[in-house]
Amino acid sequence: MTTPIIRPRRLRATPALRRLASETHLHPSQLVLPLFVREGIDKAVPIVSMPGVMQHSIDSAKRAVAEAAEAGIGGVMLFGVPTVRDAIGSGATDPRGILNVATRALVDEVGDALVVQTDLCLDEFTDHGHCGVLAVDGSVDNDATLIRYNDMALAQAAAGSQLLGLSGMMDGQVAAVRETLDAAGYEDTALLAYSAKYASAFYGPFRDAVESTLEGDRRTYQLNPGNRREGVREAEIDIAEGADVVMVKPAGVYLDVLSDVAAMSSVPVWAYQVSGEYAMIEAAAAQGWIDRKRSIEESVLSIRRAGADAVLTYWATELATWMNEETAR
Ligand code: PBG
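Residues numbered from 1 in each chain as written. Predicted model: local features only at pLDDT ≥ 70, side-chain atom pairs only at ≥ 80, totals over all residues. Heavy atoms only, no water.

K.L.:
Sorry if this is basic, but what is going on with the overall build of the protein chain here?
P.N.:
When helices and strands are tallied, the protein chain shows 11 helices and 10 strands. Here the C-alpha radius of gyration of the protein chain, 20 Å, is about what a compact globule of 329 residues would show, namely 20 Å. Each of the three principal axes of the protein chain carries a C-alpha extent, and together these read 80 × 45 × 40 Å. Of all 329 residues assigned to the protein chain, the portion counted as buried reaches 51%. Look at the contacts in the protein chain between residues 6 or more apart in sequence, and 75% of them connect residues 24 or more apart. When the accessible surface of the protein chain is summed, it comes to about 15400 Å², and 52% of that surface belongs to carbon and sulfur atoms. Of note, the protein chain has its 29 positive side-chain charges centred 11 Å away from the centre of its 45 negative side-chain charges. (Helix = DSSP H or I, 4+ residues; strand = E, 2+ residues; numbered from the N terminus. Rg over C-alpha atoms; globule rule 2.2 N^0.38 Å. Buried < 20%, exposed > 50% of the residue type's maximum accessible area, 1.4 Å probe, protein only. Contact = heavy atoms within 4.5 Å. Areas by Shrake-Rupley, 256 points an atom, 1.4 Å probe, with all protein chains shown as cover. Lys, Arg positive; Asp, Glu negative; His and termini not counted. Charge placed at Lys NZ, Arg CZ, Asp CG, Glu CD.)

K.L.:
In this structure, what is going on with the site of the ligand? I would like to understand it.
P.N.:
Contacts to the ligand come from 18 residues, most closely from Asp123, Arg207, Lys249, Ser275 and Tyr314. In the environment of the ligand, an oxygen atom lies 2.7 Å from a nitrogen or oxygen atom belonging to the side chain of Arg207. Within the contact set of the ligand, a nitrogen atom lies 3.1 Å away from a side-chain nitrogen or oxygen of Lys249. For the ligand, the protein covers 100% of the area, taking 400 Å² as the surface of the free molecule. When atom positions are compared with the pocket grids, the ligand is found to occupy the largest cavity. Classifying every residue of the shell around the ligand gives 8 nonpolar, 3 polar and 7 charged. (Near = heavy atom within 4 Å. Polar contact = N/O pair within 3.5 Å; in protein donor to acceptor, adjacent residues only side chain to side chain. 1 Å grid on protein atoms, 1.4 Å probe; cavity = no way out; pocket = protein on both sides within 12 Å on 5 of 7 lines; lining within 4 Å. Sits in = over half its atoms within 2 Å of the grid points. Nonpolar A, V, L, I, M, F, W, Y, C, P; charged D, E, K, R; others polar.)

K.L.:
It is not clear to me how the pairing of strand S5 (residues 115-120) should be interpreted in this structure. Could you clarify?
P.N.:
Here is the key point about a regular strand: its side chains alternate between the two faces of the sheet. Of all 6 residues that make up S5, 5 are buried, and the element is covered over most of its length. Alignment of strand S4 (residues 75-81) against S5, held across 4 bridges, turns out to be parallel. By the bridge assignment, Met77 is partnered in S5 with Gln117. As defined by bridge partners, S5 adjoins strand S6 (residues 163-166) across 4 bridges and the pair is classed as parallel. Each residue of the ladder has a partner; that of Leu120, found in S6, is Leu166. Once the chain exits S5 it traverses helix H4 (residues 142-159) before rejoining the sheet at S6, and the crossover so formed is right-handed. (Pairing = 2+ DSSP bridges. Right-handed = clockwise from strand over helix to strand, strands pointing away.)

K.L.:
Quick question: what am I supposed to make of a positive patch on the surface here?
P.N.:
A cluster of like positive charges, contributed by Arg7, Arg9, Arg10 and Arg12, occupies part of the molecular surface. With respect to the helices and strands, Arg9 occurs in the segment before helix H1 (15-20). (Patch = residues over 30% accessible without salt bridge, like charges linked within 9 Å, V, L, I, M, F, W, Y side chains within 5 Å. Salt bridge = Lys/Arg side-chain N within 4 Å of Asp/Glu carboxyl O.)

K.L.:
What should I look at first to understand the packing of helix H10 (residues 292-306) against helix H11 (residues 316-328) in this one?
P.N.:
The description of two packed helices rests on the angle between their axes and on the distance between the axes. At a minimum axis distance of 11 Å, the contact between H10 and H11 shows a crossing angle of 100°. Between H10 and H11, the angle is such that the two are roughly perpendicular. Every residue of H11 that contacts H10 at Arg292, Lys293, Ile296, Glu297 and Val300 is listed here: Glu318, Leu319, Trp322 and Glu326. Among the residues forming the contact of H10 with H11, the class breakdown is 4 nonpolar, no polar and 5 charged. (Axes fitted to C-alpha atoms, helices over the stretch in contact; angles between N-to-C directions. Parallel < 35°, antiparallel > 145°, perpendicular 65-115°, else oblique.)

K.L.:
What exactly am I supposed to notice about the layout of surface pockets here?
P.N.:
Vacant regions in the atomic arrangement are exposed by a probe of water-molecule size rolled over the atoms. Each pocket or cavity is described by its volume, and for the largest pocket that value is around 990 Å³. Among the secondary structure elements, those contributing two or more residues to the lining of the largest pocket are H1, H10 and H11. Broken down by element, the lining of the largest pocket gets its largest block of residues, 7 residues, from H10. Residues belonging to the lining of the largest pocket are distributed by class as follows: 7 nonpolar, 6 polar and 9 charged. For the second largest pocket, the calculated volume is near 310 Å³. For the second largest pocket, the lining is made up of 16 residues, of which Leu33, Gly52, His56, Tyr314 and Thr317 are closest to its centre. For the lining of the second largest pocket, the secondary structure elements donating two or more residues are strand S1 (31-38), strand S3 (54-56), helix H2 (58-71), helix H9 (275-286) and H11. Per-element tally for the lining of the second largest pocket: the top contributor is S1, with 3 residues. Split by residue class, the lining of the second largest pocket holds 9 nonpolar, 3 polar and 4 charged. (Points joined across faces, edges and corners; volume = space filled by probe spheres on them.)

Right, dumping it as structure tokens:
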């Protein structure tokens, strides 16, 4: 007797069988939209290296957030683009700084329809473009930066941000900010730790988006792209320090790290599909070399499959709109 053929194709035969046998699902609530709000403009300005993404004015950001809420996505992550920068990133802690002003306006606009989150990092606000303050020798001073982060956390919590995204990769940042918030009565402000954040070339278009002044790189604080185990170690440390959510970034080229972190984490794990990942798909699709919609869906689904509970993606609203259309059909 010959061995019978084992037939996994049975479960792929019809759309209904494929849907029922699907291991990974995408839902609008699992998506977070990063938004750039620029000081001193009264209408949105396109970002050349991120076709379809804008630097928003407060008013256009309000519309984008209302549209995001309408599509049912989980949240927005706000980044500020100030007109003036200095060595210590004063605009980050100033209640009249663009990020804090935008946070107030957008929380006011959407209330509880989605989670308004803010980037907690100095790079958009410093004239040298680093994520922290510099020591006299020009290196990024870890512990002096923590003091700035603490003040920034207080300003953002006061502005109404519900979840602070600690993206600066300073050691001890989660513990420092948690302690500061708790002491000021902001026990309910949640912390998202960008735990495994790699020194990546794929942040290129983002740096255009925030008009980054950085010269050089961030290799003394962001992770070495070759290090997988160290990504897990960073997540362990952040969970121990009190992170409510940990993140892996970039997403698509770090799915192994994401999978490892998802396997060990006791808190939700998110991933950030970064600007370069966005730009690559948009550029190839614009040439007609790949199918835009299918590539977007597959790229985000794959990040979910690798273990992300939620995904930050510049396609969040559009993707959610497609999902809603499919459900309505
Ligand atoms: C730092 C920050 C960066 C991104 C998000 N937060 C850039 C960096 O580390 O240089 C990149 C996001 C993207 O590329 O989409 N505040």
